[in-house]
Amino acid sequence: MSVTSLLAQSAPDTAELSAPSHGLPNASVRPAPVLSSPPMSGDIPADEFRAAMASLAAPVTVVTCYDEYGNPRGLTASAVSSLSLDPPLILVCLDRGSRTHDVLVAANAFTLHLLGPENENLARTFAGPTDQRFENVRLASGPTSRHAPQLADSALRLTCARHDTIEAGDHTILVGRVAASDCMGRPAGGLVWHHRGFAHAKPVAGR
C-alpha cells in the first residue's frame, strides 16, 4: 500500500486537522485546497511533433549485435541516453518497424558506438539498406568483439549486456548494462542530428 493510501485511511473525517500552534491547544490548520488542471484535449499532430523534435539536437550513434546465426547486425540511432550510474545503464529507443529491431531486442549483448564528426559516412551506411551495412566497414578484434561487433573507426565503444526492454508507443526502449568501454584515444561524440541534418558539436571557446 502506498504512503498516500495510508495517510488517507488514517486522516480524520472532519475537514480540519488539529495541530498545536504557538502553544494554543485549540488551534487548527485547514489543508490547502487541491487545484486540478483541465484535462488535455488530445495528442499533438504527428507532423507538428516531428517538427518540434527536429529542433532537439541528438547524438548520432551506431548500435550493433550478432543475430542468432552469428551474423553482424546494426543500425544508426539518435534516441540514446545515459540512464543510471549505479548500475551503469544506457537506453536506446528502437523503432519497432525497423528490420533490425527484433534482432537487437533479442540479443544478449550489444555495442553502442559514439560517433565523431569524421564518422558521417559510417552513420549514413548504417541508416542505409540492411544487407549493405557491414560492406567495406572495418571491424575491430578484441575481448569484447565476441559479444557484439566492434566498429574499428568509432571513437568510443560501450559494450552492454541486455538489462531490460520496455514497450513505449511505436518504439521499444532497450536498456543496456555497460560492461566495457573501449576508447580509441580520440575525443568521443561530436556528431549530432539537428534540424534533419548532421551537425558538429564543439566545446565553447574559453572553457
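Remember, it's a predicted structure, so these values are computed and weren't measured experimentally.

On to the packing of aromatic side chains. Inspection of the entire model under this criterion finds two aromatic pairs. Consider the rings of Phe126 and Phe134, whose centres lie 5.0 Å apart with planes at 85 degrees: the pair is edge-to-face. Measuring from centroid to centroid gives 5.1 Å for Trp193 and Phe198, while their planes differ by 85 degrees, and the two rings are edge-to-face. Take Phe198: its relative accessible area is 26%, and that puts it in the partly exposed class.

Reading across from one edge, β5-β4-β8-β9-β10-β7-β6 is the order of the seven strands in this open sheet, with antiparallel pairing throughout. Edge strands, defined here as strands with exactly one partner in the open sheet, are β5 (72-77) and β6 (80-84). Adjacent strand axes in the sheet meet at a mean angle of 35 degrees, parallel and antiparallel pairs treated alike.

This brings us to the environment of Ile166. Within the secondary structure layout, Ile166 lies in strand β9 (residues 156-168). In this structure, the C-alpha to C-alpha distance between Ile166 and Cys93, residues 73 residues apart in sequence, is 9.4 Å. Sequence-distant contacts of Ile166, that is, excluding residues within four places in its chain, are made with His171, Thr172, Ile173 and Val175.

Our focus in this paragraph is the nonpolar core. Counting 17 residues, the largest nonpolar core has Val63, Val92, Leu94, Leu104, Phe110 and Leu112 as its most contacted members. Of all elements in the fold, only β4 (61-66), β5, β7 (89-95), α3 (101-106), β8 (109-114) and β9 reach the threshold of two or more residues within this core. When neighbours within four sequence positions are excluded, Leu104 is seen to be in contact with Val63, Thr64, Cys65, Leu75, Leu94, Phe110 and Leu174. In terms of nonpolar packing, the next biggest core, distinct from the first, is built from 10 residues, Val60, Leu122, Ala123 and Leu151 among them.

About the criteria used
Residues numbered from 1 in each chain as written. Predicted model: local features only at pLDDT ≥ 70, side-chain atom pairs only at ≥ 80, totals over all residues. Heavy atoms only, no water. Phe/Tyr/Trp six-rings, centres within 6.5 Å; stacked < 30°, edge-to-face > 60°. Buried < 20%, exposed > 50% of the residue type's maximum accessible area, 1.4 Å probe, protein only. Pairing = 2+ DSSP bridges. Helix = DSSP H or I, 4+ residues; strand = E, 2+ residues; numbered from the N terminus. Axes fitted to C-alpha atoms, helices over the stretch in contact; angles between N-to-C directions. Contact = heavy atoms within 4.5 Å. Core = buried A, V, L, I, M, F, W, Y, C linked by side-chain atoms within 4.5 Å.

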